[in-house]
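The chain contents come next:
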Protein chains: 2
Amino acid sequence: MKDLEACQEATLHLDRDALMALCHRVLIHHGFSEEQADALGGTLVAAQLDASHSHGIYRLLGIIDTVRKGGAVADAVPEVADVAPGVVRVDAKGGLSPCAFERGLPHLVTKARDAGIALLAINHCVHSTALWVELERLAEQGLVAIACNPTQAYVAPNGGKQPLLGTNPIAFGWPYPSDAPFIFDFATSTIARGDIELYRREGKAIPEAWGVDRHGAPCSDPAEVLDHGAMTTFGEHKGSALAIMIELMAGPLIGDLLSVESSEHDEGRLGLPYHGELIIAIDPSRLTGQASPAHMERSELLFDAILGQGARLPSQRRYRERARSLEHGAEVSLALVKEIEALLV
Amino acid sequence: MKDLEACQEATLHLDRDALMALCHRVLIHHGFSEEQADALGGTLVAAQLDASHSHGIYRLLGIIDTVRKGGAVADAVPEVADVAPGVVRVDAKGGLSPCAFERGLPHLVTKARDAGIALLAINHCVHSTALWVELERLAEQGLVAIACNPTQAYVAPNGGKQPLLGTNPIAFGWPYPSDAPFIFDFATSTIARGDIELYRREGKAIPEAWGVDRHGAPCSDPAEVLDHGAMTTFGEHKGSALAIMIELMAGPLIGDLLSVESSEHDEGRLGLPYHGELIIAIDPSRLTGQASPAHMERSELLFDAILGQGARLPSQRRYRERARSLEHGAEVSLALVKEIEALLV
């Protein structure tokens with residue numbers, strides 16, 4: 001976070017090729033295979049172009065740190081298993097998730113087209129995904145999709161006081177024939193852990209809704225929340241229920257870890273979470289046949305009515321940032337680039 | 001609602017058979033087929049035994065009213081279409097949803113077992129479902145499931161000011177080998193519409209988070225919210241995104257109506273919503289094979305940790321009420337029973 005702050009000073013504008021080259025150089029230097037570097041770099045660069053600094057090339061620092069600590073296998077070769085007509089599993093073999101996703105993607109698409117609905121379970125991966133980037137790939141193929149994963153135990157269930165649930169993101173993608181897909185992607189915690197850390201660093205009080213103290217009471221002291229209490233889920237008992245659903249579906253259902261088990265697996269290394277990921281894809285044309293494009297277009301009624309009353313669509317900001325990045329290059333701080341380049345020596 | 005209030009005075013305790021007989025008599029009297037009456041009665045009685053008064057036999061009043069106004073087909077014969085290896089559609093033909101669910105259920109189970117994951121789309125049904133009752137049926141078969149449906153346009157998207165989204169419930173069911181299933185079922189609106197109506201009737205202010213006025217500002221006047229503004233989604237922009245997902249998936253994806261289209265279809269009759277419903281079922285044993293029971297049992301770790309820190313599990317209250325109902329009979333007000341019996345003359 002210190003680097004992120006310092007970087008406000010000087011900003012570079014890097015195009016897609018320059019970002020990709022930087023990722024590739026660093027990853028290959030640290031023992032990543034070409035395939036792993038391509039997949040992981042592609043995800044980080046896509047997030048950076050969308051101005052998601054937390055999911056962009058900043059992640060290289062944490063990824064290399066995790067690899068150095070033995071928490072991720074740089075040159076893992078993911079293994080695909082076709083386990084049922086509607087299910088494909090990919091064992092990431094301790095590698096980063098994007099490469100496992102790439103290997104599973106064509107199988108997921110084929111199965112969704114054949115059966116109407118299909119499930120991709122990624123197992124034993126180290127988290128480095130931006131779920132919306134993956135769902136765009138499915139939307140490009142005309143598939144509706146939901147994705148989710150646990151993380152590590154940071155969040156208390158509603159009414160509780162101890163870290164148990166992950167920040168557990170869930171994302172949804174909707175292909176939209178005449179425009180870019182509708183995609184949302186959010187954590188089921190009230191706020192990102194990094195935001196609470198920033199408040200602690202600055203000695204500021206956090207809004208009480210963000211966390212609880214060791215007794216389960218709403219708490220405005222970031223240190224108490226991070227060290228003795230827990231973060232909260234968004235939306236009280238309803239958000240908490242969703243976070244539990246994600247734990248179960250992208251955990252035991254697919255034979256992988258709960259967030260609390262992932263924390264144990266980390267053994268205090270503070271590496272990136274090791275866990276599973278679940279993606280469900282649905283082919284609208286297998287539901288409504290030739291009428292499917294007309295039905296899908298009806299979503300325009302909803303989107304127009306949302307925008308028409310002054311509300312926003314989740315994907316809007318991302319697409320605006322992406323257009324700007326593609327024209328002028330993505331914004332990256334000079335300090336961050338220097339820090340990433342330092343990984344090369 | 002007047003009846004619900006009056007009913008506080010005298011309370012009957014009716015067992016399952018008595019409740020079922022009452023439902024059956026009323027429904028047959030109003031032209032329901034045996035099959036429709038059995039399915040619908042079964043759902044209402046299950047909800048009543050769980051002490052869900054809003055989803056229990058109280059619904060008979062609204063259902064018969066909707067049938068009388070021509071808004072539901074009492075003796076509809078749902079039609080099952082096997083449209084893809086992982087997809088079954090049931091056309092409810094304008095009837096109530098439980099009968100269509102019953103017809104689709106065995107196909108959904110078979111497909112989930114065969115393909116690992118399957119989808120049931122119910123189309124053209126009149127809403128009378130308790131999603132948790134349906135998901136229990138799937139959990140009994142060892143299947144993990146998600147269900148959702150739109151309703152009618154009552155809720156503004158986050159940041160908006162006009163009714164557009166439904167109260168859009170979402171439910172999740174998790175079979176738990178050694179105990180009753182874990183099931184949640186909640187509306188994506190902050191609160192039920194009926195609760196806001198109750199505040200209006202009593203001339204009380206509502207919490208500002210429940211609704212917005214015609215300008216989109218938080219509003220404590222229930223009349224302004226109901227007549228000129230809109231209800232809110234839970235969890236701000238995240239809950240709003242989920243409500244939109246439900247509109248799309250249980251609407252255009254399955255070739256059925258958005259909530260705002262369902263409201264138009266109602267043409268001011270104020271009948272029960274006419275729409276679609278989506279259920280996705282997953283067979284854990286097709287994901288992890290023989291290891292599946294052991295993985296599913298790991299959820300106990302999570303449930304125990306939730307209860308151990310003083311938080312609650314969504315299903316707990318329901319199971320407690322059910323046990324009490326099965327022992328002593330379900331509580332029903334005498335006034336409500338009288339009002340239901342008045343439907344017989």
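Residues numbered from 1 in each chain as written. Chains lettered and ligands numbered in written order. Predicted model: local features only at pLDDT ≥ 70, side-chain atom pairs only at ≥ 80, totals over all residues. Heavy atoms only, no water.

**Some remarks on the overall build of chain A**
- Per the secondary structure count, chain A includes 15 helices and 11 strands.
- Relative to the compact-globule value of 20 Å for 345 residues, chain A shows a C-alpha radius of gyration of 20 Å, a close match.
- Counting contacts in chain A only where the partners sit at least 6 residues apart, residues at least 24 apart contribute 68% of the total.
- In the form shown here, chain A has an accessible surface area of approximately 13,000 Å², with 51% of it arising from carbon and sulfur atoms.
- Taking the 29 positively charged and 46 negatively charged side chains of chain A as two groups, their mean positions are separated by 1 Å. (Helix = DSSP H or I, 4+ residues; strand = E, 2+ residues; numbered from the N terminus. Rg over C-alpha atoms; globule rule 2.2 N^0.38 Å. Contact = heavy atoms within 4.5 Å. Areas by Shrake-Rupley, 256 points an atom, 1.4 Å probe, with all protein chains shown as cover. Lys, Arg positive; Asp, Glu negative; His and termini not counted. Charge placed at Lys NZ, Arg CZ, Asp CG, Glu CD.)

**So, the sheet that holds strand β3 (residues 87-91) of chain B**
Residue and element names in this part refer to chain B.
- Strand order in this open sheet of seven strands is β2-β3-β4-β10-β5-β6-β7, and the pairing throughout is mixed. The open sheet is flanked by β2 (79-84) and β7 (182-187), the only strands paired with a single partner. Direction aside, neighbouring strands of the sheet carry axes that sit 15 degrees apart on average.
- Bridge analysis of β3 against strand β4 (residues 117-126) gives five bridges, and the strand direction is parallel. Residue Val 87 lies in a different strand from β4, and its bridge partner there is Leu 119. (Pairing = 2+ DSSP bridges. Axes fitted to C-alpha atoms, helices over the stretch in contact; angles between N-to-C directions.)

**Describing the interface of chain A and chain B**
- The interface of chain A with chain B comprises 72 residues on the first partner and 72 residues on the second.
- When the two sides are added together, the surface that chain A and chain B hide from each other amounts to roughly 5,800 Å², 76% of it contributed by carbon and sulfur.
- Summed over the three residues of chain A that lose the most area to chain B, namely A:Lys238, A:Leu287 and A:Gln309, the buried surface amounts to 13% of that side.
- Viewed at the interface, chain B and chain A are joined by two salt bridges.
- Run the count over chain A and chain B and you get 16 residue pairs in polar contact (both at pLDDT 80 or more).
- When residues of the side of chain A that touches chain B are assigned to their parent elements, the largest contribution, nine residues, is made by helix α9 (residues 236-249) of chain A.
- Partitioning the side of chain A that touches chain B into residue classes produces 46 nonpolar, 16 polar and 10 charged. (Buried area = accessible area lost by both parts, 1.4 Å probe. Salt bridge = Lys/Arg side-chain N within 4 Å of Asp/Glu carboxyl O. Polar contact = N/O pair within 3.5 Å; in protein donor to acceptor, adjacent residues only side chain to side chain. Nonpolar A, V, L, I, M, F, W, Y, C, P; charged D, E, K, R; others polar.)

**Notes on the nonpolar core**
- In terms of nonpolar packing, the biggest core is built from 101 residues, with A:Phe172, A:Met249, A:Ile282, B:Phe172, B:Met249 and B:Ile282 touching the most fellow members.
- Counting contributing residues per domain, this core is built from domain 1 (2-189 + 233-291 + 317-344) and domain 2 (190-232) of chain B, each supplying no fewer than three.
- Sequence-distant contacts of B:Met249, that is, excluding residues within four places in its chain, are made with A:Val144, A:Ile146, A:Phe172, A:Trp174, A:Ile282, B:Ile254, B:Leu278 and B:Ile280.
- In this structure, A:Ala37, A:Leu44, A:Tyr58 and A:Leu60 belong to the second largest nonpolar core, which totals 32 residues. (Core = buried A, V, L, I, M, F, W, Y, C linked by side-chain atoms within 4.5 Å. Buried < 20%, exposed > 50% of the residue type's maximum accessible area, 1.4 Å probe, protein only. Domains from an automatic or database assignment.)

**A few points about the side chain of A:His30**
Residues and elements named next belong to chain A.
- Secondary-structure assignment places His 30 in the loop between α2 (16-29) and α3 (34-49).
- You can call His 30 buried: its relative accessible area is 18%.
- Leave out the neighbours within four places in its chain, and His 30 touches Ile 64, Val 67, Arg 68, Ala 74 and Leu 343.

**So, the relation of the copies chain A and chain B**
- Taken as rigid bodies, chain A and chain B are interconverted by a rotation of 180 degrees and an axial shift of 0.0 Å, the fit giving an RMSD of 0.0 Å. The operation mapping one copy onto its partner corresponds to a two-fold rotation axis. When each C-alpha of chain A is compared by its distance to the rotation axis, A:Gly235 comes out closest, at 2.0 Å.
- An overlap of 100% is found between the interface residues of chain A and their copies at the interface of chain B, pointing to a shared contact surface. (Least-squares fit on C-alpha atoms with pLDDT ≥ 70 in both.)

**Observations concerning the environment of A:Leu326**
Residue and element names in this part refer to chain A.
- Looking at the element boundaries, Leu 326 is found in helix α14 (residues 316-328).
- Considering only alpha carbons, one finds Leu 326 and Asp 50, 276 residues apart in sequence, at a separation of 9.5 Å.
- Look past the residues within four positions of Leu 326 in its chain and what remains in contact with it is Arg 16 and Leu 49.

**Considerations on the pattern of salt bridges**
Residues and elements named next belong to chain A.
- Counted under the stated rule, the structure contains 30 salt bridges over all chains.
- Close ionic contact of Lys 69 with Asp 65 constitutes a salt bridge, the shortest N to O distance being 2.8 Å.
- Taking relative accessible area as the criterion, Asp 65 reaches 31% and is therefore assigned partly exposed.
- Members of the salt-bridge network, linked through shared partners, are Asp 50, Glu 136 and Arg 322.

**Some details on the packing of α2(A) against α3(A)**
All names here are of chain A.
- Between α2 and α3, the least distance of the axes is 9 Å, while the angle of their chain directions is 140 degrees. For the element pair α2 / α3, the angle class is oblique. Like other packed secondary-structure pairs, α2 and α3 cross with a definite hand, here right-handed. Residue-level contacts link Arg 16, Leu 19, Met 20, Cys 23, His 24, Leu 27 and Ile 28 of α2 to Glu 34, Ala 37, Asp 38, Leu 40, Gly 41, Gly 42, Leu 44, Val 45, Gln 48 and Leu 49 of α3. (Parallel < 35°, antiparallel > 145°, perpendicular 65-115°, else oblique. Left-handed = near helix turned anticlockwise from the far one by under 90°.)

**A few points about the environment of A:Phe172**
- Relative to the assigned elements, A:Phe172 resides in strand β6 (residues 169-174).
- Note: C-alpha distance between A:Phe172 and A:Phe184 (12 residues apart in sequence) is 5.5 Å.
- If we ignore the near neighbours within four places in the chain, the residues touching A:Phe172 are A:Leu135, A:Val144, A:Ala145, A:Ile146, A:Phe182, A:Ile183, A:Phe184, B:Met245, B:Leu248 and B:Met249.

**What about the pairing of β3(B)?**
Residue and element names in this part refer to chain B.
- By the criterion of burial, β3 is predominantly enclosed, with four of the five residues buried.
- Where β2 folds back onto β3 in an antiparallel hairpin, the turn is made up of two residues.
- Taken together, β3, helix α5 (residues 97-115) and β4 form a β-α-β motif whose crossover is right-handed. (Right-handed = clockwise from strand over helix to strand, strands pointing away.)

**Side note on the packing of aromatic side chains**
- Enumeration over the complete set of coordinates arrives at 19 aromatic pairs over all chains.
- With a centroid separation of 5.1 Å and an interplanar angle of 80 degrees, the aromatic rings of A:Tyr199 and A:Trp210 are classed as edge-to-face. Note that A:Tyr199 is positioned in helix α7 (residues 193-201) and A:Trp210 in the loop between α7 and β8 (211-212), a separation of 11 residues in sequence.
- On the numbers, 5.4 Å between centres and 20 degrees between planes, the contact of B:Phe184 with B:Phe186 is stacked. Of the two residues, B:Phe184 and B:Phe186, both sit in the buried class.
- Looking at A:Lys204, its charged tip hangs above the ring of A:Tyr199, at a distance of 4.9 Å from the centre. (Phe/Tyr/Trp six-rings, centres within 6.5 Å; stacked < 30°, edge-to-face > 60°. Lys NZ or Arg CZ within 6 Å of the ring centre and 35° of its normal.)

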